[in-house]
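Results of the structural survey
What follows is the residue order along each chain.
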Amino acid sequence: MSTWILLRGPAREARHWGDFPRELAERVPPARIRGIDLPGNGILYAVPSPLHVAEMLASVRARAGTPPFTVLGLGLGGMVAAEWAHRHPAEVEACILVNGGMRPHGALHERIQPRSYAALLRCALQWQRHADAERIVWRITSNRPVDPALLADWIAWRREAPVAASNALRQF
């Protein structure tokens, strides 16, 4: 049975995958699907986020279990996945990167659209106002109309496991 490791991006946790792990398991059986939080997010929200991807990788590897893995990484999670495949190729069967823009393959303006800069600044300024910050994140990351139930989940998760502004900044 293969094991898939799912890694999210900045200021996001495993719960933000939603139904995707279940749907993935139905399509790639038999497989174990594990979402692992990066330091500073989710169950590790109180842990300071490392400044370097290699340090985030060390945290993930310590909790991943027995390799080999298929690693799917989104954003910052993609950077961690690529680092994993580079440093420990025997542990990674496959690596799928989604929006994993990283140096030298993508400049900041290619990873984050310049039209989003003002919204990101508003999000940072409203970081402690969970609902407002999550609405901004929705607008930046989705072309779909706001889903009130999903947005309510995001806000609840943020209240349960609040990512410190300093951790979000370190992750970005």
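Further up the page is the structure itself.
The structure contained in this document is the topic of the report that follows. (Residues numbered from 1 in each chain as written. Predicted model: local features only at pLDDT ≥ 70, side-chain atom pairs only at ≥ 80, totals over all residues. Heavy atoms only, no water.)

Brief notes about the pattern of salt bridges
Pairs can form between side chains of opposite charge once their charged atoms are near each other. Applying the stated criterion across every chain, the model contains 11 salt bridges. Its salt-bridge partner being Glu-134, residue Arg-12 comes within 2.7 Å of it at the nearest N-O pair. Residue Arg-12 is found in the loop between β1 (2-7) and α1 (20-27), and its partner Glu-134 is found in helix α6 (residues 130-141); the two are separated by 122 residues along the sequence. No difference in accessibility class separates Arg-12 from Glu-134, as the two residues are buried. A salt bridge links Arg-15 to Glu-13; the nearest nitrogen and oxygen atoms lie 2.4 Å apart. Exposure remark for Arg-15: the relative accessible area of 30% places this residue in the partly exposed category. On the basis of relative accessibility, which here comes to 6%, the residue Glu-13 falls in the buried class. Through salt bridges with shared partners, a single network forms among Asp-19, Arg-22, Glu-23 and Glu-26. (Salt bridge = Lys/Arg side-chain N within 4 Å of Asp/Glu carboxyl O. Helix = DSSP H or I, 4+ residues; strand = E, 2+ residues; numbered from the N terminus. Buried < 20%, exposed > 50% of the residue type's maximum accessible area, 1.4 Å probe, protein only.)

Details of unusual backbone geometry
Between Pro-29 and the following residue, Pro-30, the backbone shows a cis peptide bond with an omega angle of -15 degrees. Considering the arrangement of structural elements, one finds Pro-30 in the loop between α1 and β2 (31-35). Pro-67 connects to Pro-68 through a cis peptide bond whose omega is 10 degrees. One non-glycine residue, Ala-11, adopts positive backbone phi at about 60 degrees. Examined against the element boundaries, Ala-11 turns out to sit in the loop between β1 and α1.

Observations concerning the sheet that holds β2
The parallel open sheet is built from 4 strands, whose spatial order is β2-β1-β3-β4. Every interior strand has two partners, whereas the edge strands, β2 and β4 (92-98), have only one. Averaged over all neighbouring strand pairs, the angle between strand axes comes to 15 degrees, with direction disregarded. Across the face of the sheet, α1 comes into contact with β1, β2 and β3 (69-74) while running at roughly 155 degrees to β1. The sheet strands contacting helix α3 (residues 76-87) are β1, β3 and β4, and the helix crosses β3 at an angle near 145 degrees. (Pairing = 2+ DSSP bridges. Axes fitted to C-alpha atoms, helices over the stretch in contact; angles between N-to-C directions. Contact = heavy atoms within 4.5 Å.)

Topic: the packing of aromatic side chains
Under the defined criterion, the tally for this structure stands at 3 aromatic pairs. Ring centres of Phe-69 and Trp-84 lie 5.3 Å apart, and the angle between their planes is 50 degrees; this geometry places the pair in the tilted category. With a gap of 15 residues between them, Phe-69 in strand β3 and Trp-84 in helix α3 connect regions that are remote in the sequence. Overall, the relative accessible area of 1% leaves Phe-69 in the buried class. With a relative accessible area of 0%, Trp-84 lands in the buried category. Centre to centre, the rings of Trp-138 and Trp-154 are 5.1 Å apart; their planes meet at 45 degrees, and the pair counts as tilted. With Trp-138 in helix α6 and Trp-154 in helix α7 (residues 148-160), this residue pair connects regions lying 16 residues apart in the sequence. Taken as a pair, Trp-138 and Trp-154 share a single burial class, namely buried. Stacked on the ring of Trp-17, the Lys or Arg Arg-8 has its end atom at 5.0 Å from the ring centre. (Phe/Tyr/Trp six-rings, centres within 6.5 Å; stacked < 30°, edge-to-face > 60°. Lys NZ or Arg CZ within 6 Å of the ring centre and 35° of its normal.)

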